[in-house]
Amino acid sequence: MRLATTISGQKFHFGSLKEVLAKAGEEKSGDRLAGIAAGSERERVAAKSVLSEVTMHALHDNPAISYDDDEVTRITLDNLEQEAYQSIKNWTVAELREFLLNGDTNLADVQKIQNGLTGEMAAACAKIMSNMDLVLAARKCRVISKAKTTLGLPGRLGSRLQPNHPSDAIDGIRASIFEGLSYGIGDAVIGINPVYDTPETVARLLSETDKLINDLKIPTQNCILSHVTTQLKAIERGAPAGLIFQSIAGSEKGNKAFGIDNALLSQAYQVGEELHGKDGQSTMYFETGQGSELSSMSHYGADQLTMEARCYALARCFKPFLVNDVVGFIGPEYLADGRQMIRAGLEDHFMAKLLGLPMGIDACYTNHMAADQNDLENLTILLTAAGVNYFMGVPMGDDVMLSYQSTSFHDTAALRQIFGLRPAPEFEAWLEDRGIMKDGQLTARAGDPAFMMAML
């Protein structure tokens, strides 16, 4: 590999491909905190120039963490589709970018190569793309997933109904669910982040949401976003889980910090298959976020974008129904402001879709970031144009349990109206039957939780 170049008379030499990847990325406070970011815009341009000429073969042979030292690297490379990889191994990063942006390249063309790509390849490509490039390329990489609803279809935009409550109170959770349903939210999942990570709490919340889903005959699935081991214990006791959730990292060490490994994820996947596989339904749900590896000192000197892409390569091995990046949740130490948040959301959506994942985004920020509602809305508009599978649905966009700002019920309703999109077809049919939607538009009954409650 040639790891040196001259820009405007100044010569730059990089010590490794990992350094090139780190310095080629757009400005992120997390990379600055880790001491691996480009020292100047000129150095960033130099790194991008060098990276554009790196081959897929070089990225394959030089992962961010070596094969012998990391099981995420091993599961990624061991599951790589060799025929697809052989067809692109001599491409440069620039050639991959040009392929994706070529007007003649379609979804079928992308699908032929995506299982031959590693996370490092997807990250490298993202680093030499503009925001508009990321939107255009991601739009070509449509990924459809199937549970009780079908997400990712053309002309559709899904939503996760997130009725979190600061004390896991059922009445408060039900009130949020009724309001969300009245706005047409919940076709991806009714997913709750519990305050108490115990099998008893998880089982109680699964049972309550399952009962509500069955009573109203809602075509959707439930999920309690506790640790995967807690969910498995609740399921063993008979709790009715629709999806099985876990946050993941891009390194073995990062996953150990989460209390998981590949074997545990495989066990959860098998449990999900036993629950719903016979019905042809995917059951795994993963969440990620740029900076999580740095926060646990498990990034091995790699930049946060590359580590995030490795999460997606890992997730792909378990055929998930949902994946989402909680883009601004970790805080300003990793994404300092709205500009960095928007860039990260577009990067992550593109990389996940390129690797074949049914990607949604939690467009969000913490209250101590230099970001606001307009930044969040700008990101959602760009992601909707890029073909994102789903957004979060939080009452008023303000999560009272997790204390962060996200997308509200009416945000998704507005995005559907702006772009002429509809919920998942199974869910839309239910909304029409209940009088909440007609011909793809919300009716006058929308937004009235009392109307939903009266259906019980």
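About the cut-offs
- Residues numbered from 1 in each chain as written.
- Predicted model: local features only at pLDDT ≥ 70, side-chain atom pairs only at ≥ 80, totals over all residues.
- Heavy atoms only, no water.
- Helix = DSSP H or I, 4+ residues; strand = E, 2+ residues; numbered from the N terminus.
- Rg over C-alpha atoms; globule rule 2.2 N^0.38 Å.
- Contact = heavy atoms within 4.5 Å.
- Lys, Arg positive; Asp, Glu negative; His and termini not counted.
- Charge placed at Lys NZ, Arg CZ, Asp CG, Glu CD.
- 1 Å grid on protein atoms, 1.4 Å probe; cavity = no way out; pocket = protein on both sides within 12 Å on 5 of 7 lines; lining within 4 Å.
- Points joined across faces, edges and corners; volume = space filled by probe spheres on them.
- Nonpolar A, V, L, I, M, F, W, Y, C, P; charged D, E, K, R; others polar.
- Buried < 20%, exposed > 50% of the residue type's maximum accessible area, 1.4 Å probe, protein only.
- Pairing = 2+ DSSP bridges.
- Right-handed = clockwise from strand over helix to strand, strands pointing away.
- Polar contact = N/O pair within 3.5 Å; in protein donor to acceptor, adjacent residues only side chain to side chain.
- Core = buried A, V, L, I, M, F, W, Y, C linked by side-chain atoms within 4.5 Å.

**Student:** Mind laying out the overall build of the protein, listing which residues take part and the relevant values?
**Tutor:** Looking only at helices and strands, one finds 22 helices and 16 strands in the protein. A globule of 456 residues ought to have a C-alpha radius of gyration of about 23 Å, and the protein, at 21 Å, matches this closely. Seen through its principal axes, the protein has C-alpha atoms that stretch 70 × 45 × 45 Å. Once local pairs closer than 6 in sequence are excluded, the contacts in the protein between residues at least 24 apart make up 77%. Side chains of the protein give 41 positive and 58 negative charges; the mean places of these two sets differ by 3 Å.

**Student:** Lay out the layout of surface pockets with the relevant residues and their values.
**Tutor:** Within this model, the largest pocket holds a volume of roughly 590 Å³. Taken together, 29 residues make up the lining of the largest pocket; nearest its centre are Phe 245, Ser 247, Phe 258, Glu 287 and Phe 329. Counting residues per element, the lining of the largest pocket draws most heavily on strand β8 (residues 244-247), which supplies three residues. Class assignment of the residues belonging to the lining of the largest pocket gives a composition of 13 nonpolar, 12 polar and four charged. Approximately 370 Å³ is the volume attributed to the second largest pocket. By residue class, the composition of the lining of the second largest pocket is nine nonpolar, seven polar and four charged.

**Student:** Mind laying out the environment of Ala 446, listing which residues take part and the relevant values?
**Tutor:** Structurally, Ala 446 is set in the loop between β16 (441-442) and α22 (449-453). Its relative accessible area of 22% is what places Ala 446 among the partly exposed residues. Linking Ala 446 and Glu 179, residues 267 residues apart in sequence, is a C-alpha distance of 8.8 Å. Residues within four places of Ala 446 in sequence aside, it is in contact with Ser 182 and Ile 436.

**Student:** An account of the pairing of strand β10 (residues 322-326) is needed here, citing residue identities and associated values.
**Tutor:** Across the five residues of β10, five count as buried, placing the element largely inside the fold. A two-sided burial pattern is seen for β10, the buried positions comprising Leu 322, Asn 324 and Val 326 on one face and Val 323 and Asp 325 on the other. Bridging between strand β9 (residues 284-288) and β10 involves four bridges; their strand directions are parallel. Across the sheet, Phe 286 pairs through a bridge with Val 323, a residue of β10. Of the pairings in the sheet, the one linking β10 to strand β11 (residues 359-362) comprises four bridges and is parallel in character. Within the sheet, the bridge partner assigned to Asp 325 lies in β11 and is Ile 361. As a crossover connection, the stretch from β10 through helix α18 (residues 338-354) into β11 is right-handed.

**Student:** Talk me through helix α5 (residues 71-78); I want residue IDs and the actual numbers.
**Tutor:** Within α5, six of the eight residues are buried, which leaves it mostly tucked inside the rest of the structure. Those residues of α5 that fall on the buried side of the exposure criterion are Glu 71, Val 72, Thr 73, Ile 75, Thr 76 and Leu 77. The inward-facing, buried residues of α5 abut α4 (56-61), α14 (252-257), α15 (262-276) and α17 (304-316). N-cap assignment for α5: the residue whose side-chain oxygen lies 2.9 Å from the backbone N of Val 72 is Asp 70.

**Student:** Describe the side chain of Gln 281, naming the residues involved and giving the relevant values.
**Tutor:** Secondary-structure assignment places Gln 281 in the loop between α15 and β9. Note on Gln 281: relative accessible area 14%, which makes it buried. Residue contacts for Gln 281: discarding those within four places in its chain leaves Lys 146, Ala 147, Lys 148, Glu 273 and His 276.

**Student:** Describe in detail the pairing of strand β5 (residues 158-161), supporting the description with residues and values.
**Tutor:** What you see with β5 is no split at all: Gly 158 and Arg 160 on one side and Ser 159 and Leu 161 on the other are buried throughout. Pairing of β5 with strand β12 (residues 390-393), which is carried by four bridges, proceeds in the parallel orientation. Across the sheet, Arg 160 pairs through a bridge with Met 392, a residue of β12. Both β5 and strand β6 (residues 189-192) contribute to a ladder of two bridges, which runs parallel. Its bridge partner lying in β6, Arg 160 is registered against Val 189. In this fold, the crossover linking β5 to β6 by way of helix α11 (residues 170-182) has right-handed handedness.

**Student:** An account of empty space enclosed by the protein is requested, with residue identities and associated values reported.
**Tutor:** With the rule as written, the count across this model stands at two cavities of 30 Å³ or more. Approximately 70 Å³ is the volume attributed to the largest cavity. In this structure, the largest cavity is lined by Leu 59, His 60, Pro 63, Val 72, Thr 73, Thr 76, Leu 77, Thr 118, Gly 119, Glu 120, Arg 310 and Ala 313. Elements represented by at least two residues in the lining of the largest cavity include exactly α4, α5, α9 (119-127) and α17. The greatest single-element share of the lining of the largest cavity, amounting to four residues, is contributed by α5.

**Student:** I'd love a proper account of the environment of Ala 429, names of residues and values included.
**Tutor:** With respect to the helices, strands and loops of the structure, Ala 429 is situated in helix α21 (residues 425-433). Among the residues examined, Ala 429 registers a relative accessible area of 48% and is labelled partly exposed. Sequence spacing of Ala 429 and Ala 37 is 392 residues, and the spatial spacing of their C-alpha atoms is 49 Å.

**Student:** I'd like a description of the nonpolar core, backed by residues and values.
**Tutor:** By size, the foremost hydrophobic cluster in this structure holds 132 residues, and its most contacted members are Leu 51 and Phe 350. Sorting elements by how many residues they give to this core places α18 first, with eight residues. Those residues in contact with Phe 350 that lie beyond four places of it in its chain are Leu 100, Ala 122, Cys 125, Ala 126, Met 129, Leu 134, Ala 137 and Ala 138.

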